[in-house]
Amino acid sequence: GDERLDLVVGTLKNINEVIAEYSDFIRAFWTPPTMPASVAYFPKSIRRAALTSDTDSTIFTVQDWVRWYYKKPRIKAGSPVAVCMPFLAAQTITHLLAKMSANFGVIKERMFEIAMKNEYQFDVFVPTNVAKHYYATKNIQEGIILKEGDYEIKGVHLKNSNVPKSIIEQAQDMMKRIMAVAAEGGDIKLVDYLKEVADAERSVMAKLAKGLILRNIELKPAESYKNGENSSFQYHKLWVEIFAPKYGDFGEPPYTSTRVATTLDNPTKFKLWVDNMKDRALADRLITWSRRTGKRTLPSLLIPSEAIAMNGIPPELLAVMDLRKITRDLCNVFYLVLETLGYYIPVTSKSI
């Protein structure tokens, strides 16, 4: 807003006066005529103070300076100290690059041609435990104050296109609400977000039971796959042989199918499922298929999407759907956000 803009402008106005007052200190410690003694060891250096970094960038924090100056553990974003410290650091880099250029024999008029700039200011920056995954409020870009502000959400798991759009939108809204509280220096109540994630999980499981929000893929003819009939095409054969007599034959591929994960990941579970099946004709077909193929597990399968649209997921399959695993995969973005608040969920089927 205008108040914040006035604050920043006022800060910039006073910078020259403060620099002049501390010029001797700056010359002695920030712009000395000699290079730092550790420059020769740079190939072996370790960036211990980096908040996060990549090959071409480093994000650092000035929160310790801000807390030291205001003597408070949490303050509102937009502190003049948070603006000044990167400026001083940037000027030091400018000085060192100019000295490097002088050592290279660059003419005086082009001494400052090689330059580095501070690209963004993030008033709130939240790293996750996954590399290159973070979310932040973007307030200044290359020295230009963004009047409305913006958000920076990085990492495929925080904006996964394979996850329903509604889940990603809810998770990103959660991130923005967390950053808004942090920007005001407020306390974040973990229990509120735990309840929201639990409600999201319950909503996902209810939709899955109805055959909704499952991942659809195109099942192709056998000749389209490198492994022929031993590829995903085998699920078409399984459906035709076992389930089509009861739930319908929807023709030869290509057609849209829905992937379903099950709990039938070992022979014991598979046998128990078949033995307890009420439809014995369907069970007999499964037994015949199992003996012929030698398969004693069925951890996942593809169901014709048209079959689900007409009659829902067959009850025999619904009983062994791994709702917890599917829900966990779909809600992974929420777990990453909770980890940034210090709450860690083990990656097992017992997480939910």
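Here, every reference points to the structure presented above.
Conventions and cut-offs
- Residues numbered from 1 in each chain as written.
- Predicted model: local features only at pLDDT ≥ 70, side-chain atom pairs only at ≥ 80, totals over all residues.
- Heavy atoms only, no water.
- Axes fitted to C-alpha atoms, helices over the stretch in contact; angles between N-to-C directions.
- Helix = DSSP H or I, 4+ residues; strand = E, 2+ residues; numbered from the N terminus.
- Parallel < 35°, antiparallel > 145°, perpendicular 65-115°, else oblique.
- Left-handed = near helix turned anticlockwise from the far one by under 90°.
- Contact = heavy atoms within 4.5 Å.
- Nonpolar A, V, L, I, M, F, W, Y, C, P; charged D, E, K, R; others polar.
- Pairing = 2+ DSSP bridges.
- Expected span 1.5 Å × (residues − 1).
- Buried < 20%, exposed > 50% of the residue type's maximum accessible area, 1.4 Å probe, protein only.
- Salt bridge = Lys/Arg side-chain N within 4 Å of Asp/Glu carboxyl O.
- Core = buried A, V, L, I, M, F, W, Y, C linked by side-chain atoms within 4.5 Å.

Here's the deal with the packing of helix H3 (residues 63-70) against helix H4 (residues 80-104)
Then comes step 1: Closest axis-to-axis distance for the H3/H4 pair is 9 Å, and the angle between their directions is 130°. The angle between H3 and H4 falls in the class oblique. For the pair H3 and H4, the crossing hand works out as right-handed. Residues Trp65, Val66, Tyr69 and Tyr70 of H3 lie in contact with H4, whose contacting residues are Pro80, Val81, Ala82 and Met85.
Then comes step 2: Taken together, the residues that form the contact of H3 with H4 break down as eight nonpolar, no polar and no charged.

Regarding the sheet that holds strand S4 (residues 134-141)
Then comes step 1: As summarised here, the arrangement of the three strands in space is S3-S4-S5, forming an open sheet in which the pairing is antiparallel. Only two strands of the sheet have a single neighbouring strand rather than two, namely strand S3 (120-127) and strand S5 (144-154). Averaged over all neighbouring strand pairs, the angle between strand axes comes to 15°, with direction disregarded.
Then comes step 2: Where S3 lies against S4, seven bridges are found, and the strand directions are antiparallel. Looking at the pairing, tyrosine 120 lines up with glutamine 141 of S4.
Then comes step 3: Of the strands in this sheet, S3, S4 and S5 touch helix H5 (residues 165-183), which is tilted by about 60° from S4.

Observations regarding H5
Then comes step 1: The end-to-end C-alpha distance of H5, which contains 19 residues, comes to 27 Å, matching closely the 27 Å that a straight helix rising 1.5 Å per residue would cover.
Then comes step 2: Three or more residues of H5 are buried, namely Ile167, Ile168, Ala171, Gln172, Met174, Met175, Ile178, Met179 and Ala183.
Then comes step 3: If you follow the buried residues of H5, they end up packed against S3, S4, S5, helix H6 (190-209), helix H12 (323-330) and helix H13 (332-340).

Some thoughts on the pattern of salt bridges
Then comes step 1: One pass over the full model with this rule turns up 17 salt bridges.
Then comes step 2: In this structure, lysine 138 engages glutamate 152 in a salt bridge whose closest nitrogen and oxygen atoms are separated by 3.2 Å. Of this pair, lysine 138 sits in strand S4 while glutamate 152 sits in strand S5, and the two are 14 residues apart along the sequence.
Then comes step 3: You can call lysine 138 buried: its relative accessible area is 8%.
Then comes step 4: Here lysine 154 ties to glutamate 152 by a salt bridge, and the two come within 3.9 Å at their closest N and O atoms.

Points about the nonpolar core
Then comes step 1: Tyr135, Phe243, Trp273, Leu286, Ile303 and Phe334 are the most contacted members of the largest nonpolar core, which has 61 residues in total.
Then comes step 2: Per-element accounting of this core gives the leading share, eight residues, to H5.
Then comes step 3: Sequence-distant contacts of leucine 286, defined by excluding residues within four places in its chain, comprise Ile242, Phe270, Trp273, Val274 and Met277.

Describing the sheet that holds strand S7 (residues 255-261)
Then comes step 1: With antiparallel pairing, the three strands of this open sheet are ordered in space as S6-S7-S8. Of all strands in the sheet, those bounded by a partner on one side alone are strand S6 (216-219) and strand S8 (300-304). Pairwise comparison of adjacent strand axes, ignoring direction, gives a mean angle of 45° for this sheet.
Then comes step 2: Bridge count between S6 and S7: four bridges; the pairing is antiparallel. Across the sheet, asparagine 216 pairs through a bridge with threonine 258, a residue of S7.
Then comes step 3: Most of the contacts of helix H7 (residues 233-247) go to S8, to which it runs at about 70°, and overall it touches S6, S7 and S8.

Side note on the environment of lysine 117
Then comes step 1: As for its position among the elements, lysine 117 is in the loop between H4 and S3.
Then comes step 2: Along the chain, lysine 117 and aspartate 173 lie 56 residues apart, while their C-alpha atoms are 31 Å from each other.

Notes on unusual backbone geometry
Then comes step 1: A cis amide bond links proline 253 to the next residue, proline 254, at an omega of 10°.
Then comes step 2: Turning to its location among the elements, proline 254 is positioned in the loop between H7 and S7.
Then comes step 3: Its identity is not glycine, yet lysine 71 carries a phi of approximately 55°, on the positive side.
Then comes step 4: In this structure, lysine 71 sits in the loop between H3 and H4.
Then comes step 5: For lysine 71, a relative accessible area of 72% translates into the label exposed.
Then comes step 6: In this model, isoleucine 213 sits at a positive phi of 50°, which is unusual for a non-glycine residue.
Then comes step 7: Of note, isoleucine 213 is situated in the loop between H6 and S6.

Don't take any of this as a statement about function, it's just geometry.
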